[in-house]
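Structural features, examined
This is what each chain is made of:
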Amino acid sequence: MYNANEFVDEYESYPLEDAENYHYSARGEGDFSERGAHYPTYSIPEEVKKYITYFRDAIRDGNVYDIPSLYVDFNRLTEEYFKTQSWPDVEDLYGNKLVDQQDTRDDIFLILYRELYYRHIYARIQGGPTIPQRFESYYNYCNLFNYILSAETPVPMELPNQWLWEIIDEFIYQFQSFSQFRSKLGKKSEPEIEMLKESPKIWNVHSVLNVLHCLVDKSNINRQLEVYTSGGDPDSVAGEFGRHPLYKMLGYFSLIGLLRLHSLLGDYYQAIKVLENIELNKKSMYSRVPACQITTYYYVGFAYMMMRRYADAIRTFSNILVYIQRTKAMFQTRNYQNDQINKQTEQMYTLLAICMVLHPQRIDEVVQSSLREKTLAEKMARMSRNETAEFTQCFTFACPKFLSPVPPPFDSAPANYHKEPFQQQLKVFMDEVQQQQQISVMRSYLKLYTTMPMEKMAAFQDLTEDDFRNALLCFKHKMRNIVWTKGTSGLQGDFQSDSEVDFFIAGSMIHIADTKVAQRYGDFFIRQIHKLEEVNRSLSKVKVSGCVPRGSVDSPPLAPHLTSILFFILTSIVNHDAAYVSNDMVRRRQNT
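Residues numbered from 1 in each chain as written. Predicted model: local features only at pLDDT ≥ 70, side-chain atom pairs only at ≥ 80, totals over all residues. Heavy atoms only, no water.

**Considering the side chain of Q174**
Checked against the element boundaries, Q174 lands in helix 6 (residues 161–183). A distance of 2.5 Å separates polar atoms of two side chains, one belonging to Q174 and the other to S137. Sequence-distant contacts of Q174, defined by excluding residues within four places in its chain, comprise Y118, R119, Y122, S137, Y141 and W203. (Helix = DSSP H or I, 4+ residues; strand = E, 2+ residues; numbered from the N terminus. Polar contact = N/O pair within 3.5 Å; in protein donor to acceptor, adjacent residues only side chain to side chain. Contact = heavy atoms within 4.5 Å.)

Listed below in structure tokens is the structure:
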């Protein structure tokens, strides 16, 4: 299902301006002297005024080529002028005559501006948003989605894929933030509790689910994905709304939003099921936003881990981590989205370490070396020694912030109810760890022998023969998992045993077979050879003046000689691997 070489990078079709050198020329700001109300003025920097005016006109005119660069430049201006304070609110725009309140053409611009305004408050303002700001942000999202979903024909608006993804991502984040904020009754005053109690429909889980499902249905994205996977034309079944890029991409991102939301609620089966029409290993016109891809694989991998499908979880995390290694230069710019991506990357390395302890298997050499470099080797060693505190610490760091779908009991004694969903999921995970503890000890004993009387091995572990037989059956059960093999749905798969050791019991004797595949170095050296050849090609293009005397013959290129030497080394390695496997098979036959 997952292939690390099939990821698609994000290259938008819009010509983006260089955000560092982008400056806004003065444009007509309009004369709003007829406005009746008086608005407080706010000292807005001149460049920000020009930016807001230019942004307003681009949204008003539907200028699809300028909107992406304007969206990118919002982060630059934030770093320059609003690093620790909020952007001007809409009343300040009125007061500075940047927007006319009576002009209905700017309604959509104001909704989109508020979306960026509140997102910035959530991300950057110390102390976070106030309760009224949380309410206002919710109402603004309602206005945005009502505008998109209630239209009889597709709305005349196009936004870049990155912005559409971040709208859905931020919508779910703010719901998550509000749910946890609402559950922390211990720090709330009586007026705040009363305000929350009187507004049960604000950020209600049914409202959030309803929005995401409506976007999926409006875009007909599931049917489009089904046809696209089978090689057909998605537009043939998309319908009027589904052919519009805005609705198509919002529908796709809403599926990822549902994956995330169901995972936060602890419904991992449903989380995977909503993606049953998305084939994650396939190059797709839908998977163009790196943050969306990384979020998808983080929650898919976590859901697999909690469903005890460790082989699928390890493959999922390994593939996306290889992708991140290849594209890490994209995530160096400092903004809240890249900060989130970098944090999720660390979380996925930790989750991969947990899965490798519970279900050891071979993984990509690049990811394996990264695990060692990130000092996770020590954590894995402690977890292998059955230190439950280390499991708890790693799970606490790497898991998402779980939610309760219902508000807390406001009339009861104040308490921090926001911890209850996490405690429940931690208990489920630690129960599994407790069951696995005896398995790791048994695995270490089984690796040492080819045959062993059951009575003797039971004595090693201070168990009766019957209890040890039950423990062996538990070992068999835990090492036998559903593993995805083919098909689009991530829920499909066959039962497989991926343990490093396998065994069967005949009478009172345990017969053990080492199924661990000997380490192969060929693939590793092939990758290094390709890298070295690439460096050599780059060096051969470099012209250094003064190194070759005038009139002399150029020295022959290094590549042919280097390739011959490397081919000889590689052939030797492959032959050594083949000989090792052959000798190993002979040795096993002799043991049998």
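**Description of unusual backbone geometry**
Of note in the backbone geometry, W203 takes a positive phi value of approximately 55 degrees without being a glycine. For R308, which is not a glycine, the phi torsion comes out positive at approximately 65 degrees. Tracing the backbone shows R308 in the loop between helix 13 (290–306) and helix 14 (310–326).

**Focus: a negative patch on the surface**
There is a patch of like negative charges on the surface, built from E455, E465, D466 and D467. Within the fold, E465 resides in helix 21 (residues 465–478). By relative accessible area, E465 is classed as partly exposed at 31%. (Patch = residues over 30% accessible without salt bridge, like charges linked within 9 Å, V, L, I, M, F, W, Y side chains within 5 Å. Areas by Shrake-Rupley, 256 points an atom, 1.4 Å probe, with all protein chains shown as cover. Salt bridge = Lys/Arg side-chain N within 4 Å of Asp/Glu carboxyl O. Lys, Arg positive; Asp, Glu negative; His and termini not counted. Charge placed at Lys NZ, Arg CZ, Asp CG, Glu CD. Buried < 20%, exposed > 50% of the residue type's maximum accessible area, 1.4 Å probe, protein only.)

**Here we look at the environment of V155**
Note on placement: V155 falls in the loop between helix 5 (131–149) and helix 6. For the pair V155 and Y247, spaced 92 residues apart in sequence, the C-alpha separation works out to 9.2 Å. When sequence neighbours within four positions are dropped, the list of residues in contact with V155 reads Y147, I148, H244, L246 and Y247.

**Structural notes on the packing of helix 5 against helix 8 (residues 205–219)**
Pairs of packed helices are described in terms of their axes, by the angle between the two and the distance that separates them. Relative orientation of the contacting elements helix 5 and helix 8 amounts to 25 degrees, with a least axis distance of 11 Å. As judged from the angle between their axes, helix 5 and helix 8 are roughly parallel. Remark: the crossing between helix 5 and helix 8 carries left-handed chirality. Here Y138, F145, I148 and L149 of helix 5 come into contact with helix 8, specifically with S207, V211, C214, L215 and K218. In the contact of helix 5 with helix 8, the residues fall into 7 nonpolar, 1 polar and 1 charged. (Axes fitted to C-alpha atoms, helices over the stretch in contact; angles between N-to-C directions. Parallel < 35°, antiparallel > 145°, perpendicular 65-115°, else oblique. Left-handed = near helix turned anticlockwise from the far one by under 90°. Nonpolar A, V, L, I, M, F, W, Y, C, P; charged D, E, K, R; others polar.)

**Observations regarding the packing of aromatic side chains**
Tallying each qualifying case throughout the model produces 29 aromatic pairs. Measuring from centroid to centroid gives 4.3 Å for F74 and W87, while their planes differ by 15 degrees, and the two rings are stacked. In this pair, F74 sits in helix 2 (residues 67–81) while W87 sits in the loop between helix 2 and helix 3 (90–95), placing the two residues 13 residues apart along the sequence. Residues F74 and W87 agree in their burial class; the two are buried. Look at Y298 and Y299: their rings are 4.8 Å apart centre to centre, the planes differ by 80 degrees, and that puts the pair in the edge-to-face class. Residues Y298 and Y299 agree in their burial class; the two are buried. The ring of F181 carries R134 above its face, with NZ or CZ at 4.1 Å from the centroid. Over the aromatic face of F241 sits the side chain of K218, whose NZ or CZ is 4.3 Å from the ring centroid. (Phe/Tyr/Trp six-rings, centres within 6.5 Å; stacked < 30°, edge-to-face > 60°. Lys NZ or Arg CZ within 6 Å of the ring centre and 35° of its normal.)

**Things to note about helix 19 (residues 420–446)**
Taking 1.5 Å per residue, 27 residues should reach 39 Å; helix 19 reaches 40 Å between its end C-alpha atoms and fits that length. Considering bend angle alone, the principal kink of helix 19 is centred on Q436 and spans about 30 degrees. (Expected span 1.5 Å × (residues − 1). Bend = angle between axes of the 7 residues up to and from the residue.)

**So, a nonpolar patch on the surface**
A contiguous nonpolar surface patch, about 270 Å² in accessible area, is contributed by L532, V535 and L539. Relative to the elements of secondary structure, L539 occurs in helix 22 (residues 522–540).

**A short note on the confidence of the model for the protein chain**
Chain-level statistics for the protein chain give a pLDDT mean of 79 and a share of 77% at 70 or above. This model gives residues 1–40 a pLDDT under 50, and the stretch forms 108 contacts once residues within four places in sequence are excluded. In the model, residues 584–592 has pLDDT below 50 throughout and makes 2 contacts with residues more than four positions away in sequence or in other chains. (pLDDT = per-residue confidence, 0-100.)

**A word on the side chain of Q180**
Looking at the element boundaries, Q180 is found in helix 6. For Q180, a relative accessible area of 16% corresponds to the buried category.

**Some points on the pattern of salt bridges**
Taken as a whole, this structure holds 19 salt bridges when the rule is applied. One salt bridge connects D312 with R315, and the closest N-O pair in it is separated by 2.5 Å. With a gap of 3 residues between them, D312 and R315 both fall in helix 14, about one helical turn apart. Several salt bridges share partner residues, and in doing so they unite E47, D73, R76 and E80 into one network.

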